[in-house]
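# Understanding the architecture of this molecule
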Amino acid sequence: MSQSNGTTVSATQTGSQTPLTMAYLMLVACSLMWGSNHVVARGINETVPFEALSFWRWIVAICLLLPFCFKYLRRDLKIMADHKLSMFLIGFTGVFLFSVVIYLAAYNTTAVNTGLLNATTPIWVLLFAALLTVDKPRLGQWLGVLVAGAGTATIIAKGDPSVFARMDFVLGDVLAMMSAMVWAAYSMFLKRAPKGVHPLSLVFVSALIGLCFLTPLYVWALVVDGKPFFTSLDPVWPDMLKIFYIGAGPAFLGYMFWNRGVSLVGPAKAGVFMYLIPVCSSGLAIAFLGEALHLYHLAGIVLIVSGIWLVTRKKTERVRVTKP
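Criteria and cut-off values
Residues numbered from 1 in each chain as written. Predicted model: local features only at pLDDT ≥ 70, side-chain atom pairs only at ≥ 80, totals over all residues. Heavy atoms only, no water. Helix = DSSP H or I, 4+ residues; strand = E, 2+ residues; numbered from the N terminus. Buried < 20%, exposed > 50% of the residue type's maximum accessible area, 1.4 Å probe, protein only. Contact = heavy atoms within 4.5 Å. Areas by Shrake-Rupley, 256 points an atom, 1.4 Å probe, with all protein chains shown as cover. Polar contact = N/O pair within 3.5 Å; in protein donor to acceptor, adjacent residues only side chain to side chain. Axes fitted to C-alpha atoms, helices over the stretch in contact; angles between N-to-C directions. Parallel < 35°, antiparallel > 145°, perpendicular 65-115°, else oblique. Left-handed = near helix turned anticlockwise from the far one by under 90°. Phe/Tyr/Trp six-rings, centres within 6.5 Å; stacked < 30°, edge-to-face > 60°. Expected span 1.5 Å × (residues − 1). Salt bridge = Lys/Arg side-chain N within 4 Å of Asp/Glu carboxyl O. Patch = residues over 30% accessible without salt bridge, like charges linked within 9 Å, V, L, I, M, F, W, Y side chains within 5 Å. Core = buried A, V, L, I, M, F, W, Y, C linked by side-chain atoms within 4.5 Å. pLDDT = per-residue confidence, 0-100.

Under an unreviewed UniProt entry, the chain has the name EamA domain-containing protein and belongs to Thalassospira tepidiphila MCCC 1A03514.

Printed below as a string of C-alpha cells:
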C-alpha cells in the first residue's frame, strides 16, 4: 500500500529553463535594437521618404540573410509552400503593413503620441490572445501589463501627467494605435508559422513577401510623387550608413530575435518586452545624444522591470511524490 510523504519537487525541470532564459535575453536584445532604431531614424525622417526607408531597410536585411539561410531554404520552402496563408499573413503584417503604418504615424503626429500609442502593443497582444487562442492570460499577466504600461507612460510623459490631458488626436495618432494592433496581430500569426522551419528562412521569406508590396509603393513614390530615389541629403553617405544599420540591426537581428522569442514563450509574454523599447531609446539618447537622465527615467524603468517580472514569472507547480 502506497503512503505519501512530505517531499515535494518542482514540476519545472532545470533544463527547460535554458531555452526560456535565452528567449528572454533575445527579447531584451530585440527591444534594444528597436529602441536604437527610433534614435537613428531621427536623422533620416527629414531627408528620406518613408517609402524609401521602408524599402531599403528590407533590401539590406534580405541581402544579409541570404548567405546564412540559403542552405535551409531548399528544405524550408517546401514546408512553407504548404502553409501559404500563414506565411502571407506573417509577411504582410510584420514587414509591409507595420513598416508603412509606423513610419506614416511618425510623419503625422508628435513623438509623445506615437510612443504612447504604439506602446499599447502588449495590451492588444493579450486581448487577441484572450479572444483567439487557448493561451489565456493570467491575472498576474494583466497586472504586469498595467504596471509596465504605467512605467512607459512615466517615461514618455517625462513624469508630467498633464501631458496626456493636452494630447490632441490626429491622423497620426490613429495610425500609431493601428501600428500597435498590427504588431499584435503579427505576433499572433507567428504562432501559426510552419513547424520545423529555420528562423532564418522564416524571416527571409517574410521579408520577400513584404517587399512584394513595398516595391510598388516605392516605385509609385519615385515615378508619380517625384520623391528622391534614396535621400535628399548631399552627400548621401550619412543616410546610407544609418539605413544600413536599420536594416542590419532592427530589421535583420531584431526580427530574428523576436520571432524566436515568440516561438519559445508565446505572444502574450513576449508582448510585454515591447515596453523596454522606450527605456532603450532613452538610454541611448542619454549616451549618444547628450540628453539628461531624470528621476522619471528611473521610476519608469523600475515599473517596467516590475511589470515584465509579473508577466514572465512562472508559478511553481508542486506535486506530491509517493513511495511504495
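## With respect to the overall build of the chain
On a plain count of helices and strands, the chain comes out with 13 helices and two strands. Counting across all 324 residues of the chain, residues that qualify as buried make up 48%. Long-range contacts, defined here as pairs at least 24 residues apart, represent 89% of the contacts in the chain between residues at least 6 apart. With an accessible surface of roughly 16100 Å², the chain has 70% of that area assigned to carbon and sulfur atoms.

## Topic: the side chain of serine 36
Along the polypeptide, serine 36 turns up in helix 1 (residues 17-40). From its side chain, serine 36 meets the backbone oxygen of methionine 33 in a polar contact 2.5 Å long. Here tyrosine 245 takes part through its side chain, which lies 2.5 Å from a polar atom of the side chain of serine 36. Apart from the residues within four sequence positions on either side, serine 36 is in contact with Tyr245, Pro250 and Leu284.

## Some points on the packing of helix 3 (residues 84-108) against helix 9 (residues 199-223)
Orientation of helix 3 relative to helix 9, taken along the N-to-C sense of each, is 55°, at an axis distance of 8 Å. Classified by the interaxial angle, the pair formed by helix 3 and helix 9 is oblique. Between helix 3 and helix 9 lies a crossing whose hand is right-handed. Residue-level inspection shows Met87, Phe88, Ile90, Gly91, Phe92, Val95, Phe96 and Val100 of helix 3 in contact with helix 9, the latter providing Leu202, Val205, Ser206, Ala207, Ile209, Gly210, Phe213, Leu214 and Leu217.

## A few points about the packing of aromatic side chains
Overall, the coordinates contain 23 aromatic pairs when judged by the stated rule. When the centroid spacing of 5.0 Å and the interplanar angle of 90° are considered together, the rings of tryptophan 34 and tryptophan 183 count as edge-to-face. Taken together, the residues span a long stretch of sequence, with tryptophan 34 in helix 1 and tryptophan 183 in helix 8 (residues 171-190) at a distance of 149 residues. By way of ring pairs, the aromatic residues Trp34, Trp58, Phe98, Trp183, Tyr186, Tyr255 and Trp258 are connected into one cluster.

## Digging into helix 13 (residues 295-312)
Look at helix 13: 26 Å from first C-alpha to last across 18 residues, which is about the 26 Å you get at 1.5 Å a residue. Where helix 13 is concerned, the buried positions are Tyr296, His297, Gly300, Ile304, Gly307, Ile308, Leu310, Val311 and Thr312.

## A word on the pattern of salt bridges
In the structure shown here, the tally under the stated rule is two salt bridges. Two residues, glutamate 51 and lysine 227, come together in a salt bridge whose shortest N-O distance is 2.9 Å. Within this pair, whereas glutamate 51 is found in helix 2 (residues 50-81), its partner lysine 227 is found in the loop between helix 9 and helix 10 (237-265), the two being separated by 176 residues in sequence. A residue is classified by how much of its surface remains accessible, and glutamate 51, at 6% relative accessible area, is buried. Between arginine 75 and aspartate 76 there is a salt bridge; the shortest N-O distance is 2.7 Å. A relative accessible area of 44% means that arginine 75 is categorised as partly exposed. On the accessibility criterion, aspartate 76 (0% relative accessible area) is buried.

## Considering a nonpolar patch on the surface
On the surface, a cluster of nonpolar side chains totalling about 410 Å² of accessible area is made up of Val219, Trp220, Val223 and Val224. Relative to the elements of secondary structure, tryptophan 220 occurs in helix 9. Taking relative accessible area as the criterion, tryptophan 220 reaches 51% and is therefore assigned exposed.

## Considerations on the environment of leucine 276
If you trace the backbone, leucine 276 turns up in helix 12 (residues 276-288). Distance in space between the C-alpha atoms of leucine 276 and tryptophan 34 is 9.4 Å, their sequence separation being 242 residues.

## Some remarks on the nonpolar core
By size, the foremost hydrophobic cluster in this structure holds 76 residues, and its most contacted members are Trp34, Trp58, Trp183, Tyr255 and Trp258. The element contributing the most residues to this core is helix 2, with eleven residues. The residues touching tryptophan 34, leaving out its near neighbours within four places in the chain, are Trp183, Pro250, Gly254, Tyr255, Trp258, Met274 and Ile277.

## What about the confidence of the model for the chain?
On average, residues of the chain score 80 in pLDDT, and 85% of them reach the 70 mark or higher. For the chain, strand 2 (residues 318-323) is the element with the lowest average pLDDT, namely 35, and helix 9 is the one with the highest, namely 94. Contacts for the low-pLDDT stretch residues 316-324, under 50 throughout, to residues beyond four places or in other chains number 21 contacts.

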